[in-house]
Every structure is written in C-alpha cells, then in structure tokens.
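Tertiary structure, described
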Amino acid sequence: MLCVMAEPRGTTWWSEELASLMENPLPEQTPSTASFAVRKSEQELVTESGGGESLKEHAVGFLMAWCEILMEFGRGCRDIILQQNFLNEDSYLVKNLRGPCSNVSKRLRFLNDFLPEDRDPVQAWSIVLTVFLLAFAAISVDSNHETLTKAVMVRMHPPIASRVLLPDGRYLAYHDQGVSAGRARFSLVAPHSFISSRLAGIPGVKALLLEEYGVRLVTYDLPGFGESDPHPNRNFNSSAMDMLHLVNAVNVTEKFWVLCHSSGCIHAWASLRYIPERIAGAAMLAPMVNPYESHMTKDEMKRTWEKWLPRRKYMYSLAYRFPRLLSFFYRKSFLPEKHDRIDKQFSLSLGKKDEILIDEPAFQEFWQRDLEESVRQGNMQPFLEEAVLQVTKWDFDIEELRVHKKCRTGSLLLWLKSMYGQTECELAGYLGRIHIWQGLDDRVVPPSMMEYIERVLPEAVIHKLPNEGHFSYYFFCDECHKKIFSTLFGTPQGPIERQEETAFEKNTEDALQVSVSDTE
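Cut-offs applied
- Residues numbered from 1 in each chain as written.
- Predicted model: local features only at pLDDT ≥ 70, side-chain atom pairs only at ≥ 80, totals over all residues.
- Heavy atoms only, no water.
- Patch = residues over 30% accessible without salt bridge, like charges linked within 9 Å, V, L, I, M, F, W, Y side chains within 5 Å.
- Areas by Shrake-Rupley, 256 points an atom, 1.4 Å probe, with all protein chains shown as cover.
- Salt bridge = Lys/Arg side-chain N within 4 Å of Asp/Glu carboxyl O.
- Helix = DSSP H or I, 4+ residues; strand = E, 2+ residues; numbered from the N terminus.
- Contact = heavy atoms within 4.5 Å.
- pLDDT = per-residue confidence, 0-100.
- Phe/Tyr/Trp six-rings, centres within 6.5 Å; stacked < 30°, edge-to-face > 60°.
- Buried < 20%, exposed > 50% of the residue type's maximum accessible area, 1.4 Å probe, protein only.
- Pairing = 2+ DSSP bridges.
- Axes fitted to C-alpha atoms, helices over the stretch in contact; angles between N-to-C directions.
- Expected span 1.5 Å × (residues − 1).

Glancing now at a nonpolar patch on the surface. Residues Phe 62, Leu 63, Trp 66, Ile 69 and Leu 70 make up a contiguous nonpolar surface patch of about 550 Å² in total accessible area. Here Phe 62 is to be found in helix 4 (residues 55–86).

As structure tokens, then:
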C-alpha cells in the first residue's frame, strides 16, 4: 500500500480513480447533479494531490516576480548611473562635495561613540535618520487638536505706539499706563514675553489700582516685535541698554522696578546684571531660565523637561542645535491667516485653572490682539533671536546676582596691604529685592526652575502658589494684582502731589511785593 502511494502519478490519474469510483452503485441523480458531483470530485482530488494552484497563488507569484525584477533594475541603476557616472573619482559631485562631507564626517565622528561596537555607523545612522523623520512627521500632526475649535482671522491694525529714538538710530515703541511721570511714586518697566507685545503689560490691571498705589507702568516692544525696529546684533547686554535708554527718554529719573512674566524675565535678569544701579527691585512671575542651564541638577532638569509636550521639546532642541530650521515652523505657527487657542498654537500643556482662564472671552480677546501686534512686521528673525537667547549659554550666570563680598586683591600692593591690615571688601551682586511668584501647577515654566533659582539666589523671596498655573495668577485677576502691589509697595499712598508754581502766579507775587515796597 505504501509503495502504491509512493509511486508518481501521471496527469490522468484522476480519471482512473473516477472510473473506479463509478463502478460502485450510486443513488439515482439527475444529469446536472451528476456532472456537478464529478466536477466537485475533480476539484477535491486536485487539491489533495497538490498538483494545481489557485488564482490567489498565481497573483502572489506574479507580484513577487515583479518585485524581484524591480529590485534588479534598481541595483542596475545604482551600479550604472550613480556609481559609474556620479560617484566615481572624476565626477562633479565627488570633486565638489568630498571636502565638505569629509569635514562634517570628522566633526560628527564623536557620535559613533554612542553606538554599540558591532554596529556599522552608516547603517545605524541611516536608521536613526529614518526614525527621526517619522517621529518628526508624527509630532507635526497635533493629535489633540479639536476640529471644532474655531480659528480667528488675523487683523492688521494701524500704528498707534509712542516711540523713542535710541542712540544707535533705532526706534523703540512703548506704552504708558497709570499716573504721569511727575506724579509717579513707583515706576514699573515691563519687557514682554516671547509671543507678546507692549500691549500685554499686566493683563486686566485696573487703572484705579495703579492710581491707588501711584504706579506708572511702562511696557515696550522688544526689537523687531510690534512697532520697534529690529536690532542687528541682539544679546543680553543690548537688551539691558535698550531698557536703560527707554527709561531715560520717558523721564524716569529715579530707580525703577522691573516687572516680568515667563520668558520676558530673561530680559529682567539681564537688567539686574548690567544696570543694577538703576533697578529698585524685581517682580517676576513664573520666571524663565535657560532649560539647558549647566548648573541645574539632573533632577531639576528632568522635572523641567518632563512637563513639556513632545513638540515643544523638539522646538527647544531645534533652537539649541539647529536654530535656522525654526524659521519654517515659526512661519507656520505665528504667521498664519488664522490663529488657534494659545495652547494649541504653541503646544502648551496647561493646568486646570489655566484651562478655564483661556476659554474666557476677556482672555481670548486679549490674546488675539496681543498676538496680532506681536507679529505685525511679518518678520521671523526677531522670534528666532529670542528663542536662541533663551536656550544658548547666557552671557552671565544667575548665581552672579547673589550677594557676596568682593575683596580687592588683584595687585601686589593690595596683597601686601592685606597681609598687614584689613582687606578692602565690598558687597557684590544685586543688592535690591527680588520677588518671585510661582504657580505649583504651572506646566509651561515648571516649578523646578523656581527651585533652581531658590537654590542659587537664597536672598530672593519666593511666593509659592498652590493650584495656580502659568497664567491664572497674573492674567485678569484683580485680587492677585492687589496682593502683588501690596507685597512690593506696602500700604497704598496714592500718587505724589507736587505743588508747582506757574509762571503767572510767580509774576503776580512779584508784582504785589513791588507795590508794597513802593507804598512804604
């Protein structure tokens, strides 16, 4: 039996089997039924023998054959067209790109140390590049975007700002609120945050509150924002000098307070470093520090980055390593014809109070108008400069603002004098007051940044705000504004009332004195 099964069968074996089956008695059937049974038996026998192929198998085989043909065709194109014409020693591409590619390869060779020893660098980095491109495509698609969110059309507004002429010929736009210069008991100067303008100031602050404390609030557009002219070489020192020239131009003759929120605080830090003699104190709300600050501990840095969405992390990485690539994303985010909610527009993760606040009509109206003013020039360069200032190594360390003794021991004479007498020492750092308000539910500028500041500047007064977010304590909160002012300025005393004699009154008094002397 086994031998019979092992014997190869010819192409007509099924007819012989069918004939042997037909010799057995079958029940009576109609001709059509009989023919159907014969066809069915034929199909079953062919399937069991494995001698036939289905249409699906034919299609799969056909596609596999075509794939092999295409692969061979691709290899042929690579060998003939690329290697023989473009990648040989005498080709134009090799002659012109060999040097730059070699330099780039040498500079990036240190990255191979991060690969396992048994990995081919070319293959490994090609895979990394592919994964990077796929991740970039995934990050570019905002999965949390609500299709029902209504985008608002961008409107252009006529220029209305007051401007001052700076020594280098640029114009700086500013906005004046509160009491006049002659009646101001306190002067507040506020640089705005990243996507903002001079119109921000203290969002929602009441004019009555400014009058009650005698506060003059001066806000201004950073270079290239709003109606201010761009600066060709921006840095922290130039930022502090712009603030100094502004206060001199608007008749702030005494020391002034600097007020900031979020990323606008990088310019406040610069003013404390470069013009401390003019600063009476600093009021900072959720102050931003460099997320790549080398003096931050690993735990502080980890808790800072883990609060941010992947897209925001990616934008910071681009600003730190490839700032030129930001232009495409910023143009897409800041200069569209329509603007979305602030958290959707800039990939911000917000706390509960912030989520409630940004849906209020007052906030939406403020945010739309402020953003329109910020991007009115249609130039991405100021935004790129601002992003680079945030993440690259600063011109100074925040630790330098810490109050410490600085003794003169530079020369040999001073050193010999210190051996026989007391060394001449003086206090260095920023000697004024620094108040910092930080929401503990802030996910835009995480509390870990505040903890870093608290560690390196123990003199700073930290106000920790439970359940408050990034915007909720500063935007449209009358009670919060009152608490901030009372902390900075104490009991409200109103503006300074100066009784100045007019020229008419003085002339009248002189005339009366002359008439009295003539009578006598």
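What follows picks up the thread again.
With that settled, the discussion passes to the side chain of Gln 390. Turning to its location among the elements, Gln 390 is positioned in helix 16 (residues 381–391). Look past the residues within four positions of Gln 390 in its chain and what remains in contact with it is Phe 194, Ser 263, Ile 266, Met 288, Asn 290, Pro 291 and Tyr 316.

Here the protein averages 79 in pLDDT, while 68% of its residues score no lower than 70. Ignoring residues within four places in sequence, the model shows residues 1–15, a span with pLDDT below 50, making four contacts including any to other chains.

A full pass over the atoms with the stated rule returns 24 aromatic pairs. Taken together, a centroid distance of 5.2 Å and an interplanar angle of 65 degrees make the contact between Tyr 292 and Trp 305 edge-to-face. Linking Tyr 292 in the loop between strand 7 (279–285) and helix 10 (298–305) with Trp 305 in helix 10, this pair joins segments that are 13 residues apart in sequence. An angle of 35 degrees between the planes, with centres 4.8 Å apart, marks the rings of Trp 308 and Tyr 316 as tilted. The exposure classification of Trp 308 matches that of Tyr 316, with both residues buried. By way of ring pairs, the aromatic residues Phe 363, Phe 366, Phe 471, Tyr 474, Phe 475 and Phe 476 are connected into one cluster.

This brings us to the sheet that holds strand 12 (residues 461–465). Strand order in the open sheet formed by eight strands is 2-3-5-4-6-7-11-12, with mixed pairing between adjacent strands. Looking along the sheet, the strands with just one partner apiece sit at the ends: strand 2 (162–165) and strand 12. Neighbour-to-neighbour, the strand axes of the sheet open up by a mean angle of 25 degrees, direction not taken into account. Helix 9 (residues 265–274) contacts strand 4 (186–191), strand 6 (256–261), strand 7 and strand 11 (433–439) of the sheet and is inclined by roughly 155 degrees relative to strand 7.

Turning our eyes to something else, we now look at helix 15 (residues 361–374). At 3.6 residues per turn, the α-helix brings residues three or four places apart onto the same side. End to end, helix 15 covers 20 Å across 14 residues, agreeing with the expected 20 Å (1.5 Å per residue, within 8%). Listed as buried for helix 15 are Phe 363, Phe 366, Trp 367, Gln 368, Asp 370, Leu 371, Glu 372, Glu 373 and Ser 374.

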